[in-house]
Amino acid sequence: MTLWICTACGLEHEDTPVSPSRCVICDDERQYVPISGQGWTTAERLGQAGTAATVIDVEPRLHRMRVEPSVGIGHQSLLIQTGGGNLLWEPPGYIDPDAVAQVQRLGGLAAITGSHPHLMGAMVSWSHAFDNAPVYVAEADKHWTRRPDPVIAHWSDEATPLPGIRLVQCGGHFPGSSVLHWSGDEHDRGIILTGDTIFIGPDNKSVSTMRSYPNRIPLPERAVRQILDRLEPLEYDRAYGSFGQVIDAGAKNLVKRSLERYIAWVRGDVGDY
Ligand SMILES: [Zn+2]
Ligand SMILES: [Zn+2]
């Protein structure tokens, strides 16, 4: 069995005797084929090259998984522990027995999901390693799935993969782009995991959003308003990005201010340009 991994985006593709001719994710205007050309690898080759995953604690019941050397886009996965089982958000494109053992020590996985197709990595292999834990993929983006499998559960609008965890479809970057809202225990003020749906800036105090981040294609006002509207009913104080960013307090207000600033710029309601 040969599961091909695109070296540019890190998405696992289905088993074929020879590597696919192209990666439709990278051919899309939101992503890019590197000037060196389309490349493919496998988990076996990555393992031989010394690729390894490390899980670190972030806060109680929240962990990050980093793969080094990085695979594809190089995002970091997040793992939430709940009383009803664990959820892996945006799995890496790489999996090996040591990575599985680290997650096993945290209690295994009961659900897998991510904000959108770019950051779903080797989602099906991760599911198969954990008793076929369901993989939640937004119905609106299902045609981007590179490795179809019965473990994939399609959803729209909202889903509750585990108690206290809600997926909220916001659209924008992809029609099915989502955030994950975690209400935590009763004393917690709530957390969102943002993926590429809203991108936390390097100051960890602001966010932006784009149709394409690498190609700098913006979103129209109505898409940004839709994201704001979808986030408005959620109560959250902290926000976690997919590349190590964290807004550690007052996240809801900062998200709102940032997206309203974005709308002002795309409308031209500003004087300084
Ligand atoms: Zn790709
Ligand atoms: Zn993306």
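Up top is the structure.
Colleague: So what's going on with the environment of Asn86? Which residues, and what values?
Modeller: Within the element layout of this structure, Asn86 appears in strand E7 (residues 85-89). A relative accessible area of 4% means that Asn86 is categorised as buried. Sequence separation between Asn86 and Ala110 is 24 residues, and the spatial gap between their C-alpha atoms is 5.3 Å. The contacts of Asn86, once residues within four sequence positions are left out, are Leu79, Ile80, Gln81, Leu106, Gly107, Gly108, Leu109, Ala110, Ala111 and Leu162.

Colleague: Can you break down the coordination of the zinc ion (ligand 2) residue by residue, with the values?
Modeller: Here the zinc ion (ligand 2) is held by the protein donor atoms His116 (NE2), His118 (ND1), His173 (NE2) and Asp196 (OD), which lie 2.1 to 2.2 Å from it. Metal-centred angles of 93 to 149° between the 4 donor atoms at the zinc ion (ligand 2) mark the site as irregular. Read in sequence order, the donor residues for the zinc ion (ligand 2) give the motif H-x1-H-x54-H-x22-D. One end of the pair, His118, is in the loop between strand E8 (111-113) and helix H4 (123-129); the other, Asp196, is in the loop between strand E14 (191-193) and strand E15 (199-200), and 78 residues separate them in sequence. Classification of His118 as buried rests on a relative accessible area of 3%. For Asp196, a relative accessible area of 8% corresponds to the buried category.

Colleague: Which residues make up the sheet that holds strand E5 (residues 62-68), and what are the values?
Modeller: Strand pairs in the sheet, formed through backbone hydrogen bonds, run parallel or antiparallel to each other. Pairing within the open sheet is mixed, and its 7 strands lie in the order E4-E5-E6-E7-E8-E9-E10. This sheet does not close on itself; its edge strands, each paired only once, are strand E4 (52-59) and strand E10 (152-155). Across the sheet, the mean angle from the axis of one strand to that of its neighbour is 25°, orientation sign disregarded. Bridging between strand E9 (residues 135-138) and E10 involves 4 bridges; their strand directions are parallel. Its bridge partner lying in E10, Ala138 is registered against Trp155. Packing of helix H3 (residues 97-105) onto the sheet brings it into contact with E4, E5 and strand E6 (77-82), and relative to E4 it is tilted by some 20°.

Colleague: Break down the coordination of the zinc ion (ligand 1) for me, with residues and values.
Modeller: Within the protein, Cys6 (SG), Cys9 (SG), Cys23 (SG) and Cys26 (SG) serve as the donor atoms for the zinc ion (ligand 1), at 2.3 to 2.4 Å. One can describe the donor arrangement at the zinc ion (ligand 1) as tetrahedral, given that its 4 donor atoms subtend angles of 103 to 116° at the metal. Of note, the zinc ion (ligand 1) draws all its donor residues from one chain, in the sequence arrangement C-x2-C-x13-C-x2-C. Of this pair, Cys9 sits in the loop between strand E1 (3-6) and strand E2 (12-15) while Cys26 sits in helix H1 (residues 24-27), and the two are 17 residues apart along the sequence. A single burial state applies to Cys9 and to Cys26, both of which are buried.

Colleague: So what about the packing of aromatic side chains? Which residues, and what values?
Modeller: Within this structure, the stated rule accounts for 5 aromatic pairs. Among the aromatic side chains, those forming a connected cluster through ring pairs are Phe199, Tyr213 and Phe243. Taking NZ or CZ as reference, Arg30 lies 3.8 Å from the ring centre of Phe174, over its face.

Colleague: Could you give an account of the sheet that holds E2, naming the residues involved and the relevant values?
Modeller: Strand order in this open sheet of 3 strands is E2-E1-E3, and the pairing throughout is antiparallel. Of all strands in the sheet, those bounded by a partner on one side alone are E2 and strand E3 (40-41). Here E1 runs beside E3; their pairing, made up of 2 bridges, is antiparallel. Bridge assignment links Ile5 to a residue of E3, and that residue is Thr41.

Colleague: Before we move on, could you go through the pairing of E7 and cite the residues and values that matter?
Modeller: With 4 of 5 residues buried, E7 lies mostly within the body of the structure. As paired elements, E6 and E7 share 5 bridges and run antiparallel to each other. Its bridge partner being in E7, Gln81 is matched across the sheet by Asn86. Taken together, the 3 bridges between E7 and E8 define a ladder with parallel strand orientation. Bridged to Leu88 within E8 is Ile112. Handedness of the crossover joining E7 and E8 through H3: right-handed.

About the thresholds
- Residues numbered from 1 in each chain as written.
- Chains lettered and ligands numbered in written order.
- Predicted model: local features only at pLDDT ≥ 70, side-chain atom pairs only at ≥ 80, totals over all residues.
- Heavy atoms only, no water.
- Helix = DSSP H or I, 4+ residues; strand = E, 2+ residues; numbered from the N terminus.
- Buried < 20%, exposed > 50% of the residue type's maximum accessible area, 1.4 Å probe, protein only.
- Contact = heavy atoms within 4.5 Å.
- Donors = N, O, S within 2.8 Å, 3.2 Å for Na, K, Ca; no water.
- Tetrahedral: all angles 85-135°; square planar, octahedral: opposite > 155°, others 65-115°.
- Pairing = 2+ DSSP bridges.
- Axes fitted to C-alpha atoms, helices over the stretch in contact; angles between N-to-C directions.
- Phe/Tyr/Trp six-rings, centres within 6.5 Å; stacked < 30°, edge-to-face > 60°.
- Lys NZ or Arg CZ within 6 Å of the ring centre and 35° of its normal.
- Right-handed = clockwise from strand over helix to strand, strands pointing away.

Limitation: the analysis is restricted to geometry and does not speak to function.
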